[in-house]
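# Report on the structure
What follows is each chain in one-letter form.
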Amino acid sequence: MGEQRVETENSDELRRGFTKALLRDVRALELMLERGMIESGARRIGAEQEVVLVDRNYRPTPISDRVLESLDDPRFTVELGRFNIEFNLDPLPFEPGCLAELEHQVTGAMSNLRLACEPLGATPVLCGILPSLTKDDLSGDNLTDRPRYHQLDTVLRELRGGEPYELRINGIDELSVIHDSVMLEASNTSFQVHFQTDPDDFAQYHNIAKAIAAPMLASCTNSPLLFGRRLWRETRIALFEQSVDTRAKSDHLREFMARVSFGSSWTEDSVLEIYREDIARFKPLFPSHIDEHSLDMVERGERPKLRALCLHNGTVYRWNRACYGSVDNVAHLRIENRLLPAGPSIIDEVANAAFWFGLIRGVRDRFGDITQHMDFDDALNDFISAARYGLEAQLSFAGMEPTPARELLALKMLPLAHRGLEAAGFDTQEIERYLGVVERRVATGRTGSDWQLRSYARTKAQKRSQRTATLTAALIERQATGMPVHEWELAEHDDADDWREQFRFVGQYMTTDLFTVHEGDILDLAASIMDWKHIRHVPVEDADHKLVGLVSSRAIIRHLARASHETDPKAVPVRDVMTRDPVTVSAKTSTLDAISLMRQHKVGCLPVVDGSHKLVGIVSEHDLIVLAQPLVARLLGEGDERPNAST
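In what follows, the accompanying structure is described. (Residues numbered from 1 in each chain as written. Predicted model: local features only at pLDDT ≥ 70, side-chain atom pairs only at ≥ 80, totals over all residues. Heavy atoms only, no water.)

### Some thoughts on the pattern of salt bridges
Per the stated rule, a full pass over the model turns up 31 salt bridges. One salt bridge in this structure joins Arg-35 and Glu-299, with 3.3 Å as the shortest N-O distance. With a gap of 264 residues between them, Arg-35 in the loop between α1 (12-34) and β1 (44-54) and Glu-299 in helix α9 (residues 294-299) connect regions that are remote in the sequence. Arg-35 sits in the partly exposed class, given a relative accessible area of 42%. A salt bridge links Glu-39 to Arg-44; its shortest N-O distance comes to 2.8 Å. Given the relative accessible area of 32%, Arg-44 is considered partly exposed. A single salt-bridge network, built from bridges that share partners, covers Arg-43, Asp-198, Asp-201 and Arg-364. (Salt bridge = Lys/Arg side-chain N within 4 Å of Asp/Glu carboxyl O. Helix = DSSP H or I, 4+ residues; strand = E, 2+ residues; numbered from the N terminus. Buried < 20%, exposed > 50% of the residue type's maximum accessible area, 1.4 Å probe, protein only.)

Right, dumping it as structure tokens:
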């Protein structure tokens, strides 16, 4: 969990003092390594679980503070978004029985969280990216009200030179989004696992963690959708790297390392390399007064907390992060695996953790120094490929030729993980319970991403908001069964049983795939678009996609009637016929208010705009007829009650 106690002051004097404490901590750590003051011979594991809270509409609900107040449990804490919660699991010795205990801890914590959410009309969900998340959910209003997060938003904005965040991801669909805050990062939820190492072995284990990242990720992808677009199999990777990127566009001629990264090379000697590089490359985001005098403590034989170093390390987001800890005057080093998405189920998560722990040990026993068998660039390229394509990726490992991920996992990686857990003393039953889940997931090709994409395709007759709500509802229902994802049935149209909640606001069913014209275009183009696409209204926008008018079929008919006597009709620009300043609504306008506006102004559609008057959608009489049809059918005792976009 990130340190919540930060200072909003950001003076030059404070930054200098913090930097001095940071350098002092690095020197203290160096002395501790030289003097053998960091624990060796112990293997422990741990985990952190991130969760998203949804309401009865299957949309994120910003009630984390109320839920935490109800829980009154120090293991639970806030996250960046007010609709997220994180909880820490107790560290466990890496020994037989620890995997079952890890599963028991996650199950118990999730049960307590559900009980706290229920009276508030909320449900916790495990998913890398919530399918029903919208850009509106990522507004500044949903930023958790803690100094750490306000400071993070402010500092990242300053480091970017005030430039907005640009998110560009291409997959099956294409997504291009400009956003004004760090809240894009709140889209991500993960299951972060930790593995303690001896200080002398840290570099080898850290390199192994990077070498196995690609096959590990390919086996467990669970984030294929963002804002209803089908992107990477693990879209979290691209989203996180872009959402906290501090590099300004103007810096494109220089090489800058991203704050979220896989790394740039193998670790050659010790954990100090990583900390030194991060201090050299990245400015502190949260300079604070540090009272701890770590060097003096080391000289007294004490193990300091290294508060400055840990605070800075918490703002550099390597996918395999080096972590230092000190509890009861015992210091240790561990590797934090930040790759794994939350979900799809608890058993899937623990199976992923077991696979990683087994691979760490198995690859070490089989290869020793993995850098002698594999090029770093291959590990990096494979990591990106696994995030993009999941089980369909082509991966290489330890000198192998590029191989389909499913084949590599089945023939090489899973046997290595099996031997690694065996060598650690785990019995066959415990190994089979967890690695068996990964084996069957790989064999069937049914990862969380595969389940989501197949389910999404199955509901294509619905509007996008209906499809994502249906997917989220099915996700919640399937998670409650406790079954792993490879045993789940695909989502059905009726999984979101209370469909009425999906049509309360315009943004839930508006049309976002728009055909528009510019005011300088000829009117014939607007008329042709109406004819080709069977629509009666065409919005008029400027070069910045701001709404400037609306052309209706009625307006075109009136124009043609007036010009019917002309023998040589001229090319008329759209601006001469369009309605300027049409009645508009926002995505958050209620359906009832939209109907009232249509009746009051006698219009057949309402363009939907955002706060800067940019066009984001349109809602028409046809959309409202689709909503009304099942209600009328119910009153008459006929037909289905559920709206269908193809009606």
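### Observations concerning the environment of Thr-481
For Thr-481, the location among the structural elements is in helix α16 (residues 464-481). In the structure, Thr-481 is positioned 136 residues away from Ser-345 in sequence and 8.9 Å away in space, judged by C-alpha atoms. A distance of 2.6 Å separates a polar atom in the side chain of Thr-481 from the backbone oxygen of Arg-478. Polar side-chain contacts of Thr-481 include one of 3.2 Å to the backbone nitrogen of Met-483. (Polar contact = N/O pair within 3.5 Å; in protein donor to acceptor, adjacent residues only side chain to side chain.)

### Concerning the pairing of strand β18 (residues 547-552)
Each regular strand carries side chains that alternate between the two faces of the sheet. The buried fraction of β18 amounts to 5 of the 6 residues, a majority that puts the element mostly inside the structure. A loop of 5 residues connects strand β17 (residues 537-541) with β18, the two strands running antiparallel in sequence, and His-545 in this loop sits at a positive phi of about 65 degrees. Here β18 pairs with strand β19 (residues 579-580) via 2 bridges, running antiparallel. Paired with Gly-549 across the bridge in β19 is Arg-580. (Pairing = 2+ DSSP bridges.)

### Comments concerning the sheet that holds β19
Here 3 strands make up an open sheet; going across it, the order is β17-β18-β19 and the pairing antiparallel. Pairing within the sheet leaves two strands with one partner each, and these edge strands are β17 and β19. By the bridge criterion, 5 bridges tie β17 to β18 in an arrangement that is antiparallel. Counterpart to His-537 in the pairing with β18 is Ser-552.

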